Amino acid sequence: MAKRDYYEVLGVSKSATAEEIKKAYRRLAMKHHPDRNKEDNGASEKKFKEAKEAYEVLKDSDKRASYDRFGHDGVRNGPGRQGGFGGAEGFGDIFGDVFGDIFGGGRRGGGAQVFRGADLGYELKLDLEKAVAGDTVEIDVPTQVPCGTCDGSGARKGSSPVTCTTCGGVGQVRMQQGFFSVQQTCPACKGAGTTISDPCGDCHGRGRVRKTRTLSVKVPAGVDDGDRIRLSGEGEAGRNGGPPGDLYVEIRVNKHKLFERDGANLACEVPISFATATLGGDVELPTLDGHVSLKVPAGTQSGKVFRLRGKGVTTVRDTRKGDLFAQVSVETPVNLTKQQLDLLEKFDASLKKGGDKHSPRADSWLDTVKRFFDRISP
């Protein structure tokens with residue numbers, strides 16, 4: 001019998017968030033757990049295992065991506081083939097697996113809780129040129145690392161943590177509330193399973209110290225504002241032997257003096273003189289690869305946009321270059337001499353004699369204005 005689709009098993013869509021997936025699994029786990037359905041000849045246990053298998057794949061971003069692409073074959077060597085979806089767990093374990101994740105806790109072999117280190121974020125500012133070309137950048141990241149004096153144990157050198165007397169080293173205590181058996185983090189040792197009577201003088205029993213680390217970040221060519229680079233295991237150190245978190249480097253591209261970027265395309269404004277706009281001519285235009293010549297035809301109006309194909313940039317998802325959109329802006333001359341003003345007045349007078357032959361847009365606009373006021377006049 002073919003395996004059911006994991007999304008169908010949990011009753012969620014393929015676009016479901018991690019939180020929605022977790023809630024769906026929690027609901028099914030409570031409904032079908034064998035401890036609550038002992039007289040249905042194993043039907044609930046089968047559904048429970050099926051939901052557990054689906055959750056174990058979809059809660060992991062890498063496994064989920066592989067499943068989305070290749071289906072069950074993409075996770076054939078995953079936990080489902082290694083016994084990770086085996087026999088049913090005790091009802092208290094459901095709380096440990098599902099609810100414990102909310103607070104960052106985990107379990108280690110049914111014993112003391114281990115805690116994954118916190119993820120960290122870092123904002124990396126880059127100039128447009130470096131974002132497009134790629135670069136290797138060193139960053140200084142303040143974080144929590146294992147204490148070197150006590151090797152992360154939290155106990156003074158020469159001493160050791162002692163087993164917690166409240167939970168017996170398990171890190172969790174079980175409370176019976178009617179039908180439910182709820183497993184909670186031990187309040188005495190905070191899930192560590194041990195207590196420290198003689199704390200380390202450097203970390204004061206925490207097992208971690210704050211330190212600024214210098215990391216090398218390889219920025220791929222084509223990154224854009226808002227892109228994130230994940231450095232696995234470079235976040236804060238975990239507790240009780242837990243794995244470290246990750247570091248997410250978020251790219252912020254500085255505003256450029258000439259260009260605005262939209263994905264693979266660039267845009268810029270090019271000022272041209274009144275004479276060039278009227279007579280036409282060649283204008284030197286900057287690109288990130290050097291200068292190119294832009295041919296401006298005679299009679300070009302201010303605001304005209306020219307498209308230069310292949311003069312844009314690449315992105316991290318596509319190596320093909322985008323285009324450069326150059327918008328010309330006719331610059332009004334200033335600080336004219338008396339002679340220049342006289343010539344301009346004579347030139348303007350000669351234009352007016354030609355009517356709409358020389359300024360069709362202006363004359364058309366004036367006609368529109370006249371009709372508008374004629375319409376609203378009483």
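Just above, that's the structure.
Residues numbered from 1 in each chain as written. Predicted model: local features only at pLDDT ≥ 70, side-chain atom pairs only at ≥ 80, totals over all residues. Heavy atoms only, no water.

**A short note on the overall build of the protein chain**
Heads up, the rule is: Only DSSP runs of H or I covering at least 4 residues are called helices, and only runs of E covering at least 2 are called strands; the numbering of each starts at the N terminus. Each residue's exposure class comes from its accessible area (1.4 Å probe, protein chains only) as a fraction of the maximum for that residue type: buried when under 20%, exposed when over 50%, partly exposed otherwise. In what follows, residue pairs with any heavy atoms lying within 4.5 Å of each other are defined as contacts. Each accessible area value is a Shrake-Rupley result obtained with a 1.4 Å probe; residue values ignore everything except the protein chains displayed when judging cover.
Along the protein chain, the regular secondary structure elements total nine helices and 17 strands. The buried share among the 378 residues of the protein chain stands at 33%. Pairs at least 24 apart in sequence give 62% of the contacts found in the protein chain among residues at least 6 apart. Accessible surface, the protein chain as shown: approximately 23,600 Å² in total, 50% of it carbon and sulfur.

**So, the packing of helix α2 (residues 18-32) against helix α3 (residues 43-58)**
In plain terms, the rule: Convention adopted: a line fitted to C-alpha atoms gives each axis, helices being fitted over their contacting stretch, and angles between N-to-C directions are expressed from 0 to 180 degrees. Angular relationships are summarised with four words: roughly parallel below 35 degrees, roughly antiparallel beyond 145, roughly perpendicular across 65 to 115, and oblique for the angles in between. Whether a crossing is left-handed or right-handed is set by the direction in which the near helix is turned from the far one by less than a right angle, anticlockwise for left-handed and clockwise for right-handed. We call Asp, Glu, Lys and Arg charged. Ala, Val, Leu, Ile, Met, Phe, Trp, Tyr, Cys and Pro are nonpolar, and the rest, Gly among them, are polar.
In the contact formed by α2 and α3, the axes pass within 9 Å of each other and the chain directions differ by 160°. Classified by the angle between their axes, α2 and α3 sit roughly antiparallel to one another. You can see that α2 and α3 cross each other, and the crossing is left-handed. Between α2 and α3, the residues in contact are I21, K22, Y25, L28, A29 and H32 and S44, E45, K47, F48, A51, K52, Y55 and L58, respectively. Classifying every residue of the contact of α2 with α3 gives eight nonpolar, two polar and four charged.

**A word on the pattern of salt bridges**
Applied cut-off: The salt bridge definition used is simple: a Lys or Arg side-chain nitrogen within 4 Å of an Asp or Glu carboxyl oxygen.
Under the counting rule described, the total for this entry stands at 22 salt bridges. One salt bridge connects E50 with R4, and the closest N-O pair in it is separated by 3.0 Å. Of the two residues, E50 sits in helix α3 while R4 sits in the segment before α1 (6-10), which places them 46 residues apart along the sequence. Here R252 and E123 are joined by a salt bridge, their closest N and O atoms 3.6 Å apart. With a gap of 129 residues between them, R252 in strand β11 (residues 247-253) and E123 in strand β3 (residues 120-126) connect regions that are remote in the sequence.

**Quick look at the packing of aromatic side chains**
Applied cut-off: Note on aromatic contacts: the rings of Phe and Tyr and the six-membered ring of Trp form a pair at centre separations within 6.5 Å, being stacked when their planes are under 30 degrees apart, edge-to-face when over 60 apart, and tilted otherwise. The criterion for a charge sitting over a ring is simple: Lys NZ or Arg CZ within 6 Å of the ring centre, and within 35 degrees of the ring normal.
Enumeration over the complete set of coordinates arrives at four aromatic pairs. Taking 6.1 Å as the distance between ring centres and 40° as the angle between the ring planes, the aromatic pair formed by Y7 and Y67 counts as tilted. Of this pair, Y7 sits in helix α1 while Y67 sits in helix α4 (residues 61-70), and the two are 60 residues apart along the sequence. Classification of Y7 by relative accessible area gives buried; the value is 2%. Among the residues examined, Y67 registers a relative accessible area of 5% and is labelled buried. Ring centres of Y25 and Y55 lie 4.2 Å apart, and the angle between their planes is 5°; this geometry places the pair in the stacked category. A residue pair is termed long-range when its members are at least 10 positions apart, and Y25 in helix α2 and Y55 in helix α3 qualify at 30 residues. The same class applies to Y25 and to Y55, which are both buried. Taken together, Y6, Y7 and Y67 form an aromatic cluster joined through their ring pairs. The cationic tip of K304 hangs over the ring face of F306; the distance from NZ or CZ to the ring centre is 5.8 Å.

**Things to note about the state of the cysteines**
What counts is decided by this rule: Sulfur atoms of two cysteines make up a disulfide when they are within 2.5 Å.
Within this structure, the stated rule accounts for zero disulfides. Looking at C164, it has no disulfide partner, and the nearest cysteine sulfur is the one in C167, 3.8 Å off. Residue C186 stays outside any disulfide, its sulfur separated by 3.7 Å from that of C189, the closest cysteine. Residue C186 is classed as buried on the basis of its relative accessible area of 1%.

**Brief notes about the nonpolar core**
Generally speaking, nonpolar side chains in soluble globular proteins are found buried as a group. We apply this condition: The set of buried Ala, Val, Leu, Ile, Met, Phe, Trp, Tyr and Cys residues whose side-chain atoms join them within 4.5 Å is what this entry labels a nonpolar core.
If you look at the biggest cluster of nonpolar residues, it comprises 36 residues, and the most contacted ones within it are I139 and L285. Setting aside anything within four residues of it in sequence, one finds I139 in contact with Y122, L124, R213, T214, L215, V217, L247 and V249. Ranked by size, the runner-up nonpolar core spans 19 residues in total, among them Y25, A54, Y55 and V75.

**Some thoughts on the sheet that holds β3**
Within a sheet, adjacent strands bond to each other through the backbone by hydrogen bonds, running parallel or antiparallel. Note the following rule: Strands qualify as paired when DSSP identifies two bridges or more between them.
Taken in spatial order, the three strands make up an open sheet running β3-β11-β10, and their pairing is mixed. Looking at the sheet topology across the chains shown, the edges are occupied by β3 and β10 (228-231). Strand-to-strand twist in this sheet, taken as the mean axis angle between neighbours without regard to direction, amounts to 25°. The pairing of β10 with β11 spans four bridges and is classified as antiparallel. Across the sheet, the residue bridging to I229 is V249, located in β11.

**Things to note about the sheet that holds strand β16 (residues 305-308)**
Pairing in this open sheet of four strands is mixed, and the strands run β12-β13-β17-β16 from one edge to the other. Where the open sheet ends on each side, the last strands, each with one partner, are β12 (260-262) and β16. Taking the axes of each pair of neighbouring strands and ignoring which way they run, one obtains an average angle of 30° across the sheet. As defined by bridge partners, β12 adjoins strand β13 (residues 265-273) across three bridges and the pair is classed as antiparallel. Counterpart to R261 in the pairing with β13 is L266.

**What to know about the pairing of strand β17 (residues 324-331)**
As paired strands, β13 and β17 are joined by eight bridges and run parallel to one another. Bridged to L266 within β17 is L324. Relative to β17, β16 runs antiparallel, the two sharing four bridges. Across the sheet, R307 pairs through a bridge with F325, a residue of β17.

These figures capture arrangement, not role.
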